[in-house]
Amino acid sequence: MSDDIVLYDIPSNVPGSAWSPNVWKTRYTLNYKGLAYRTEWIEYPDIESTCKRIGAAPDPIHTRDGRPLYVLPVIYDPKTSTAVSDSAQIAEYLDATYPDTPRVLPPGSKTVQYAFLAAYRLILPHIFQFTLRRTEEFLNPPSQAHFQKHKYAGISYDPPTGDAQEAGWKKVEADFGLLAGWLDKGEADGPYILGANISFLDFAVAGYLIWMRIVWGENSQEWQNIKTWHSGKWDAFLKRLEKYETIVI
């Protein structure tokens, strides 16, 4: 049996196309570290049973109808017989277990990185009204039905139209403008969020950018518009991490 780490991901109806922003954070991390792994594709309805089978913990914060909520990303490491869930916890595990690989949460940075992640999550919700319906269409039938049944509370899956659409996009652009301002403050220190070296934060931001690019399409008007925002910052951001985009089957 292979000792390769197993990365669990949700398939789409476009073969070989990985879309989940949260799983992308872990894929980037594994690729950056150069660790041997393989992807096991599981549909949404099978996530809970798979996690229970391998011993992966449920989401530490969110529940569904008072029950534990099992979500991806999850990895299973046969070398240590360990299952780990949550992209940041996976990054911590990989840093500790494989110290000869480049660290993404190096000593002295964890407090700053977790604080940034908390702030970053607050600027994401406005984009969901434009991405969730397209994400649903991207899924295979079993996952699509699950996605429809367990919709995000309080978020419309139908993109706005007319004036509401224009206003919605302005909010999204403003949100990313806030993020751009944060990144600009450290620009003189290096090309990455923490300066000269890549950190988990780069993968956290890239995970959502690549999700948008994939579900809309490289040549879509939505992605072409985002590429022009803030002097082309977001296209350039992804290009700096392009070498770590490999989808290992």
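Residues numbered from 1 in each chain as written. Predicted model: local features only at pLDDT ≥ 70, side-chain atom pairs only at ≥ 80, totals over all residues. Heavy atoms only, no water.

*Asks:* Give me the overall build of the chain: which residues, what numbers.
*Replies:* Regarding its fold elements, the chain presents 10 helices and six strands. A globule of 249 residues ought to have a C-alpha radius of gyration of about 18 Å, and the chain, at 18 Å, matches this closely. Across the 249 residues of the chain, 50% fall into the buried class. Across the chain, the fraction of contacts at a sequence separation of at least 24, relative to all contacts at a separation of at least 6, is 70%. For the chain, the computed accessible surface area is about 12000 Å², with 52% contributed by carbon and sulfur atoms. Once the 25 positive and 30 negative side-chain charges of the chain are each reduced to a mean point, those two points are 2 Å apart. (Helix = DSSP H or I, 4+ residues; strand = E, 2+ residues; numbered from the N terminus. Rg over C-alpha atoms; globule rule 2.2 N^0.38 Å. Buried < 20%, exposed > 50% of the residue type's maximum accessible area, 1.4 Å probe, protein only. Contact = heavy atoms within 4.5 Å. Areas by Shrake-Rupley, 256 points an atom, 1.4 Å probe, with all protein chains shown as cover. Lys, Arg positive; Asp, Glu negative; His and termini not counted. Charge placed at Lys NZ, Arg CZ, Asp CG, Glu CD.)

*Asks:* Give a description of the side chain of aspartate 95 that names residues and reports values.
*Replies:* Of note, aspartate 95 is situated in helix α3 (residues 87-97). Side-chain polar atoms of aspartate 95 contact the backbone nitrogen of leucine 105, separated by 2.9 Å. Ignoring any residue separated from it by four or fewer positions in sequence, one finds aspartate 95 in contact with Lys33, Pro102, Arg103, Val104, Leu105 and Pro106. (Polar contact = N/O pair within 3.5 Å; in protein donor to acceptor, adjacent residues only side chain to side chain.)

*Asks:* Describe the packing of helix α5 (residues 125-138) against helix α8 (residues 200-216), listing the residues and the values that go with them.
*Replies:* Look at α5 against α8: their axes get within 9 Å of each other, and the N-to-C directions meet at 55 degrees. Looking at the two axes, α5 sits oblique to α8. The element α5 and its partner α8 pack so that their crossing is left-handed. Each of Ile127, Phe128, Phe130, Thr131, Leu132, Arg134, Thr135 and Phe138 in α5 lies in contact with α8, whose residues at this interface are Tyr208, Trp211, Met212, Ile214, Val215 and Trp216. Its residues assigned to classes, the contact of α5 with α8 shows 11 nonpolar, two polar and one charged. (Axes fitted to C-alpha atoms, helices over the stretch in contact; angles between N-to-C directions. Parallel < 35°, antiparallel > 145°, perpendicular 65-115°, else oblique. Left-handed = near helix turned anticlockwise from the far one by under 90°. Nonpolar A, V, L, I, M, F, W, Y, C, P; charged D, E, K, R; others polar.)

*Asks:* Outline the pairing of strand β6 (residues 82-85), supporting the account with residue identities and numerical values.
*Replies:* The pairing of strand β5 (residues 74-77) with β6 spans four bridges and is classified as antiparallel. Looking at β6, one finds that aspartate 77 is bridged to threonine 82. The loop that links β5 with its antiparallel partner β6 comprises four residues; one of these, serine 81, has a positive phi angle of about 55 degrees. (Pairing = 2+ DSSP bridges.)

*Asks:* Give me the sheet that holds β5: which residues, what numbers.
*Replies:* Within the open sheet, the four strands sit side by side as β2-β1-β5-β6. Their pairing is mixed. If you trace the sheet from one side to the other, it starts and ends with β2 (37-41) and β6, each paired once. Averaged over all adjacent pairs, the angle separating strand axes in this sheet is 20 degrees, with direction ignored. Across three bridges, strand β1 (residues 5-9) lies against β5 in antiparallel orientation. If you follow tyrosine 8 over to β5, its bridge partner there is valine 74.

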